[in-house]
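Close look at the chain arrangement
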Amino acid sequence: MEHRQLQYFVAVVEEANFTRAAARLRLAQPGVSAQIRRLEKELGQPLLDRSGRSVTTTEVGEAVLPYARAALAAAEAVRQTVDEFTGMLRGHVTIGLVSGAATNELDVASVIADFHDDHREVEIALGETTSEQMLAALQCGELDIALIGLTDEDPPPGICWQVVIDVPLVAVVAPGDPLLRPAGRRSIPLEALRDRPLISLPRGTGLRGVLDRAFAEAGIEPRFAFEAASPALLAQLAVRGLGVAVLPALPPGTAESLSLRTLDITDPRPRARIALAWRADGPSGPAARALLDRLRKALVTPETDSYRGGGDPRAV
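Residues numbered from 1 in each chain as written. Predicted model: local features only at pLDDT ≥ 70, side-chain atom pairs only at ≥ 80, totals over all residues. Heavy atoms only, no water.

**A look at the nonpolar core**
Here is a general trend for soluble globular proteins: nonpolar side chains tend to be buried in one another's company. Short version of the rule: Only buried Ala, Val, Leu, Ile, Met, Phe, Trp, Tyr and Cys residues count toward a nonpolar core, and they belong to the same one when joined by side-chain atoms within 4.5 Å. Exposure classes here rest on a 1.4 Å probe applied to the protein chains alone. A residue is buried below 20% of its type maximum, exposed above 50%, and partly exposed in between. In this description a helix means any DSSP run of H or I spanning at least four residues, a strand means any run of E spanning at least two, and both kinds are numbered starting from the N terminus. Working rule for contacts: check all heavy atoms of both residues, and any pair within 4.5 Å makes them a contact.
In this structure, V93, V108, L147, I148, V164 and L295 are the most contacted members of the largest nonpolar core, which totals 39 residues. For this core, the secondary-structure elements that each account for two or more residues are strand 3 (91-97), helix 5 (108-118), helix 6 (131-140), strand 5 (145-149), strand 6 (159-173), strand 12 (271-279) and helix 10 (286-299). Filtering out sequence-adjacent residues up to four positions away, V108 remains in contact with L97, L147, L295 and L299. Within the second largest apolar cluster, 33 residues are counted, among which are L190, L193, L201 and V246.

Pasting the structure below:
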């Protein structure tokens, strides 16, 4: 019985398909099938039922599965223990990123690139999605680390986070918009956005959650005319006079360079916050823990640092 045979068996069970399992393992499908048949021949029992549209385990295969997973986990633990003693990191790290989070203020790409230069054996997967989806993925272990937009003050059970950006939301309009009168106006109450066509990030994002909550608490029924995942696209729509974009405060000079005007929103003053998030018990592997530590050192500042979650914030 070989390690790779158990690995192939578990992959086929999890994918319920030989072709998908082979693609996940980056192998040819006939080779995967052949190795599992050898394993079944050695054990003297079929482990997989191939008769249906999806591959399923036989009664014996179902009984064997937890032991196969335990054997693979034990082998990985041996490798990780040796790597920790030698200072070498291996493995796979999955990172989620809310759209628009990678900016000059949050140079995530540089942190990841530097980490990759130092640890060539670590494979890093990066994807963008909504904050709600990333929190769910963190909780179930599909993500190791995420940069999310915050709606709530405290994380859900099992999650820790540290704020890395905390800025007010602003109304962004084209020159000549009625909100700019009288001349020289620099702020508007949230009430002024009633009945105005709004341009915003979609539901499920932290910024949209903050905005929806502010409107609900003020008793205002907002009218969202356009939604997009990219803050840059929202700004472009505002330039064309299609509505009022609600965005995090822009860096100095940005609005002017885009021929836009910004107004602070008051009464209340909603804020956009982005946080680095991870599971409370820490990422599962040493590579993910090392990358999380580097991201925290690079992105968390004394001005934004607000640790939320159980346990010691240093114990990751």
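Now that the structure has been shown, the text picks up again.
**Quick notes on the packing of aromatic side chains**
Selection criterion: Centre distance within 6.5 Å is the pairing criterion for rings of Phe, Tyr and Trp, where only the six-membered ring of Trp is used; planes under 30 degrees apart are then read as stacked, over 60 as edge-to-face, and the remainder as tilted. Over a ring means this: the NZ of a Lys or the CZ of an Arg is within 6 Å of the ring centre and within 35 degrees of the ring normal.
Inspection of every chain in the model, using the stated rule, returns one aromatic pair. Seen in terms of ring centroids, F215 and F224 are 6.4 Å apart; in terms of plane orientation they differ by 80°. Their pairing is edge-to-face. Exposure remark for F224: the relative accessible area of 21% places this residue in the partly exposed category. Over the aromatic face of F224 sits the side chain of R208, whose NZ or CZ is 3.6 Å from the ring centroid.

**Looking at the pairing of strand 6**
Quick note on the threshold: Strands were regarded as paired on the criterion that DSSP finds at least two bridges between them.
A large share of strand 6 lies buried, amounting to 12 of its 15 residues. Pairing analysis gives nine bridges linking strand 6 to strand 12, with the strands arranged antiparallel. In the strand pairing of strand 12, Q162 is matched with L276. Judged from the four bridges that link them, strand 6 and strand 10 (residues 244-248) form a sheet pairing that is antiparallel. Bridge assignment links A171 to a residue of strand 10, and that residue is V246. Here strand 6 pairs with strand 11 (residues 261-266) via four bridges, running antiparallel. Counterpart to V172 in the pairing with strand 11 is T262.

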